[in-house]
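Overview (structure and organization)
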Amino acid sequence: MTDTLDTTPDAFQARLQAFEGRPVGPPTVAPDEVNQAMIRHWVEAMGDENPVYLDEEAARANGFPGVVAPATMLQAWVMRGLRASLEADRARAEGSTADPTAYDELFLLLDGAGFTSVVATNCDQDYRRPLVLGDRLTATAVIEAVSAQKQTGLGDGHFVTTRLDFTDAAGAEVATMRFRILRFKPKPVTAEAPPAGTDAPRPRRPRPALTEDIAFFFEGAKEGKLLIQRCASCGKLRHPPLPACPHCRSFDWDTVESTGRGTVFSFVVTHYPQVPGFDYPLPIAVVELEEGTRIVAGLTGIDVGAIEIGMAVEVELVAVDEDLTLPMFRPAGPAATGAR
Amino acid sequence: MGFERSFAGTTAICGIGATEFSKASGRSELRLAVEAVAAALADAGIEPDEVDGLCTFSQDTNPEIDVARALGMGELSFFSRIHYGGGAACATVHQAAMAVATGTAEVVVCYRAFNERSGYRFGTGVQDRPPVANAENAAMAWNSPHGLLTPASWVAMFARRYMHLSGATSEDFGRVSVADRRHAATNPAAWFYGQPITLEDHQASRWIVEPLHLLDCCQETDGGQALVVTSLDRARSLPRPPAVIRAAAQGAGNQQHMMTSYYRDDMGGLPEMGVVGRQLWGTSGLGPADVQSAVLYDHFTPFVLCQLEELGFCGRGEAKDFLADGNIEIGGTLPVNTHGGQLGEGYLHGMNGIAEAVRQVRGTAVNQVPGTEHVLVTAGTGVPTSGLILGVDR
């Protein structure tokens, strides 16, 4: 770190708050007076058919001194135009901004701290009087507030509120606008912390979707048990779990713990595509448990060339990461049962 | 269940249309859908504003109302979507025929369009994000945490068991691929036009999921396919010979799962296709000897063998003998997938196979089977599925 400034959170916040009240740059004078041509284009684009924007008589009949501009056109009068905007963007990107504004300095500071993304959040306008043809506006922009660090759905960030005060040629205030943006640190693609003691985040296996019907199975696995759902009415076992018994239609159920012994009913060896979180070639089987139900599970501790239908296997509950434990099966002792 | 169906023999497919089948269409899925629907209507000689029904897959991303707006169809009185991936293919025609036979609609277009190669690919794995807890996602909880993530892997689990029970080998699966590629080789619309393969090519292709080689797996395709369904009376007044809907049916089996029905007593068959087959034969009054060719859904080769058995073309476990000696190729007793199938022509989720059956009935297929009276078509396998028998208008 070559920066000699204090970089503690409090110090950083103090540096941000020092921008509060600073003008963004010199006042912007509208390139054009409020005029009928720009109003006409605006209302046509917006589909606004209110006659007070185009018709002198209609405007007077509604109590205005003459044709008025749509209130929400406020900022349009002081916009600098596409070319100037593009040139400013390019200069900022090249770091060649001749005369950095307070904005440039603030955003450089936020960028440096990792708050590199931006989203506009809201805009409020207060109007003192209607704008009429011939008004010439001047806008003065001030950084009104820089929030403390906030947690948002997009990521952690700071809200920056800019206030624009609009005045007429006589210097009288005609409107105020507050424009708020969020500068934030984009969330990493995988937001989970890596397990303690590892350097790089270990890719995780796909998560099971845990409905109320099936969560018991994965909770049991975490406790080292291979559970099978049992109908509490007729006693038949079922897997995968269902909310009701297909034999007697009872909704009452409990579980039994499997012995974990079974045989390979079918199996595959997966080569492609290779998904992070797994080692390939990846053997996976349908295992028929001693209790009679079948279950899909990875095979472990086995030569993929030696897997056969009918071979005896036994369960091992494997914590594949900090919050997922899965039943996997390894070859049982020599007392293998025959193929079905 | 009786087999009499009011739509059988009273409705017909009167138009077919497709985009090119490619690996990168360069345009939106909606545009592919609209192009295919427009082409099918042009083939039928029906103006878009006469269409009052649309039907597609629930997996399709192109809403009926968008297709209708794009082609100026005006008002619709029937729209329907069918679930379970490729199992929906023949069911779109089934539902269209039911709508026409009941007077709910007069002209229904069935369509499916996607960028399945250049856009979202079904065969890619999943990411580490917690899925929303609902029954459809929970069904994957038994498979995906173990790495059983792709359609190829789900089918491979069946294939291994089927090999164990029937004695079929990887070479037997390969014969399906060889037949498909032979047919595609003479079909200019096929991606693998002019590129037949040998059984040795199949055996030498790399493993995807043992026991499936690369050449046991269908292509991934960008494209769109559409079919126009109307009454037989109306179809008779149109330019193309009607492909009469002799039978259409959907089927889900006992204790059905989505591609992972590993928990039934028997894991060596496709009972859901048996449900479809019984209805197709019962409704049409036909039997396996009465169809001159078949389009059997071939996302993965092993299930073509299972379908031959479930539909009664051969006995249980006998498919490996049935398809020996080129019997499912042109010139054999039951040519299968005469357009090249989804391994050879393109993967349009089964809809291109229905179009091929229409061409066989019209007598305009590139690999035409002489004397065609009836063609059987099936939809996605391993999932709740559907089927059709189309026939010549007599």
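Rules of the game
Residues numbered from 1 in each chain as written. Chains lettered and ligands numbered in written order. Predicted model: local features only at pLDDT ≥ 70, side-chain atom pairs only at ≥ 80, totals over all residues. Heavy atoms only, no water. Helix = DSSP H or I, 4+ residues; strand = E, 2+ residues; numbered from the N terminus. Rg over C-alpha atoms; globule rule 2.2 N^0.38 Å. Buried < 20%, exposed > 50% of the residue type's maximum accessible area, 1.4 Å probe, protein only. Contact = heavy atoms within 4.5 Å. Areas by Shrake-Rupley, 256 points an atom, 1.4 Å probe, with all protein chains shown as cover. Lys, Arg positive; Asp, Glu negative; His and termini not counted. Charge placed at Lys NZ, Arg CZ, Asp CG, Glu CD. Domains from an automatic or database assignment. Axes fitted to C-alpha atoms, helices over the stretch in contact; angles between N-to-C directions. Parallel < 35°, antiparallel > 145°, perpendicular 65-115°, else oblique. Nonpolar A, V, L, I, M, F, W, Y, C, P; charged D, E, K, R; others polar. Pairing = 2+ DSSP bridges. Polar contact = N/O pair within 3.5 Å; in protein donor to acceptor, adjacent residues only side chain to side chain. Salt bridge = Lys/Arg side-chain N within 4 Å of Asp/Glu carboxyl O. Arc of directions from axis to C-beta. Buried area = accessible area lost by both parts, 1.4 Å probe.

**Describing the overall build of chain B**
Scanning chain B from terminus to terminus reveals 13 helices and 11 strands. Since a compact globule built from 394 residues should have a radius of gyration of about 21 Å, the 20 Å found for chain B is in line with a globular shape. Expressed as lengths along the three principal axes of its C-alpha atoms, the size of chain B is roughly 50 × 50 × 45 Å. Out of the 394 residues in chain B, the part that is buried amounts to 64%. For chain B, restricting intrachain contacts to residue pairs at least 6 apart in sequence, the fraction spanning at least 24 positions comes to 76%. Approximately 13400 Å² of chain B is accessible, and the part contributed by carbon and sulfur atoms is 52%.

**Observations regarding the overall build of chain A**
When helices and strands are counted, chain A shows six helices and 14 strands. Computed over C-alpha atoms, the radius of gyration of chain A comes to 34 Å, more than 25% over the 20 Å expected from 2.2 N^0.38 for 340 residues, which places it beyond the range of a compact globule. Buried positions account for 40% of the 340 residues belonging to chain A. Taking the intrachain contacts of chain A between residues at least 6 apart in sequence as the baseline, contacts between residues at least 24 apart amount to 62%. A total accessible area of about 18400 Å² is found for chain A, and carbon and sulfur atoms account for 52% of it. Between the averaged position of the 32 positive side-chain charges in chain A and that of its 47 negative side-chain charges there is a distance of 3 Å.

**Describing the domain arrangement of chain A**
Split by domain assignment, chain A resolves into domain 1 (9-34 + 69-184) and domain 2 (215-331). Using C-alpha coordinates to define each centre, domain 1 of chain A is positioned 59 Å away from domain 2 of chain A.

**Some points on the environment of A175 of chain A**
Residues and elements named next belong to chain A. Among the secondary structure elements, A175 is positioned in strand β6 (residues 173-184). The exposure class of A175 is buried, given its relative accessible area of 2%. Sequence spacing of A175 and G310 is 135 residues, and the spatial spacing of their C-alpha atoms is 82 Å. When sequence neighbours within four positions are dropped, the list of residues in contact with A175 reads L74, D126, Y127, R128, L164, D165 and F166.

**Description of the packing of helix α6 (residues 170-185) of chain B against helix α10 (residues 302-310) of chain B**
Residue and element names in this part refer to chain B. Packing of α6 against α10 brings their axes to within 8 Å, and their N-to-C directions diverge by 90 degrees. If you check the angle between α6 and α10, you find them roughly perpendicular. Here α6 contributes D172, F173 and V176 to the contact with α10, which in turn contributes P302, V304 and L305. Here the contact of α6 with α10 is built from residues that sort into five nonpolar, no polar and one charged.

**What about unusual backbone geometry?**
Following Y272 of chain A, the chain continues into P273 of chain A via a peptide bond in cis, with omega recorded as -5 degrees. Summarising the element assignment, P273 of chain A is placed in the loop between β10 (261-270) and β11 (282-289). Within the chain, Y84 of chain B stands out as a residue other than glycine whose phi angle is a positive 75 degrees. A relative accessible area of 37% places Y84 of chain B in the partly exposed class. Located in the positive-phi region is M259 of chain B, a residue other than glycine, with phi close to 70 degrees. As for its placement among the helices and strands, M259 of chain B is situated in the loop between β8 (243-251) and α9 (271-284). On the accessibility criterion, M259 of chain B (8% relative accessible area) is buried.

**Looking at the sheet that holds strand β2 (residues 53-57) of chain B**
Through backbone hydrogen bonds, the strands of a sheet pair up, either in parallel or in antiparallel fashion. Residue and element names in this part refer to chain B. On the basis of which strands lie adjacent, the open sheet formed by nine strands has the order β3-β2-β4-β7-β1-β8-β11-β10-β9 and mixed pairing. Lying at the two open borders of the sheet, with one neighbouring strand each, are β3 (78-82) and β9 (293-295). Shown here is a sheet whose adjacent strand axes are inclined to one another by a mean of 25 degrees, direction ignored. Pairing of strand β4 (residues 107-115) with strand β7 (residues 222-231) involves nine bridges; the strand directions are antiparallel. Within the sheet, the bridge partner assigned to A113 lies in β7 and is G224. Across the sheet, helix α13 (residues 351-362) touches β1 (11-18), β2, β4, β7, β8, β9, β10 (374-378) and β11 (385-392), and the angle it forms with β1 is around 115 degrees.

**Overview of the side chain of T301 of chain B**
Residue and element names in this part refer to chain B. Tracing the chain through its elements places T301 in the loop between β9 and α10. Judged by relative accessible area, T301 falls into the buried class, the value being 0%. Among the polar contacts made by the side chain of T301, one reaches the side chain of D216 at a distance of 2.6 Å.

**A few points about the pattern of salt bridges**
All names here are of chain A. Scanning the entire structure with this criterion turns up 40 salt bridges over all chains. Across the salt bridge formed by D323 and R204, the nearest N and O atoms sit 3.3 Å from each other. Note that D323 is positioned in the loop between β13 (312-321) and β14 (324-331) and R204 in the loop between β6 and α6 (215-222), a separation of 119 residues in sequence. When salt bridges that share partners are traced, they join R204, R207, D321, E322 and D323 into one network.

**A short note on helix α2 (residues 36-46) of chain A**
Given 3.6 residues to a turn, an α-helix orients residues that are three or four positions apart in the same direction. Residue and element names in this part refer to chain A. The complete set of buried residues in α2 reads Q36, I39 and V43. End-on view of α2: buried residues confined to an arc of 60 degrees, all on one side of the axis. Turned more than 90 degrees off the buried face of α2, the exposed positions are H41, E44 and A45. If you check the start of α2, you find a side-chain oxygen 3.2 Å away from the backbone N of A37, and it comes from N35. Once α2 ends, the next one or two residues include G47, with phi positive near 75 degrees.

**Considerations on the sheet that holds strand β9 (residues 253-257) of chain A**
All names here are of chain A. The strand order across the open sheet formed by three strands is β8-β7-β9, and the pairing between neighbours is antiparallel. Strands at the two margins of the open sheet, each flanked by one partner only, are β8 (237-238) and β9. Across two bridges, the pairing between strand β7 (residues 227-231) and β8 is antiparallel. Counterpart to R230 in the pairing with β8 is L237.

**Let's talk about the pairing of β11 of chain B**
Residues and elements named next belong to chain B. With respect to burial, β11 is a largely interior element, eight of its eight residues being buried. Sheet topology note: the β8/β11 ladder contains eight bridges and is antiparallel. Bridge pairing in β11 places A248 opposite L388.

**A short note on the pairing of β1 of chain B**
Residues and elements named next belong to chain B. The buried fraction of β1 is high, at seven of eight residues. Across seven bridges, β1 lies against β7 in antiparallel orientation. Its bridge partner being in β7, T11 is matched across the sheet by S231. Relative to β8, β1 is paired through two bridges, and the arrangement is antiparallel. Counted as the bridge partner of I13 is A243 from β8.

**As for the interface of chain B and chain A**
Across the boundary between the two partners, chain B contributes 43 residues, which contact 41 residues of chain A. Summed over both partners, the interface of chain B with chain A buries about 3600 Å², with 66% contributed by carbon and sulfur atoms. At the junction of chain B and chain A, the tally comes to 13 residue pairs in polar contact (both at pLDDT 80 or more). The set of elements that each furnish at least two residues to the side of chain B that touches chain A consists of α4 (135-138), α5 (151-166) and β5 (207-210) of chain B. In terms of residue count, α5 of chain B provides more of the side of chain B that touches chain A than any other element does, six residues in total. Classifying every residue of the side of chain B that touches chain A by side-chain character gives 20 nonpolar, 15 polar and eight charged. When β10 of chain A meets β5 of chain B, the two strands line up antiparallel, connected through two bridges.

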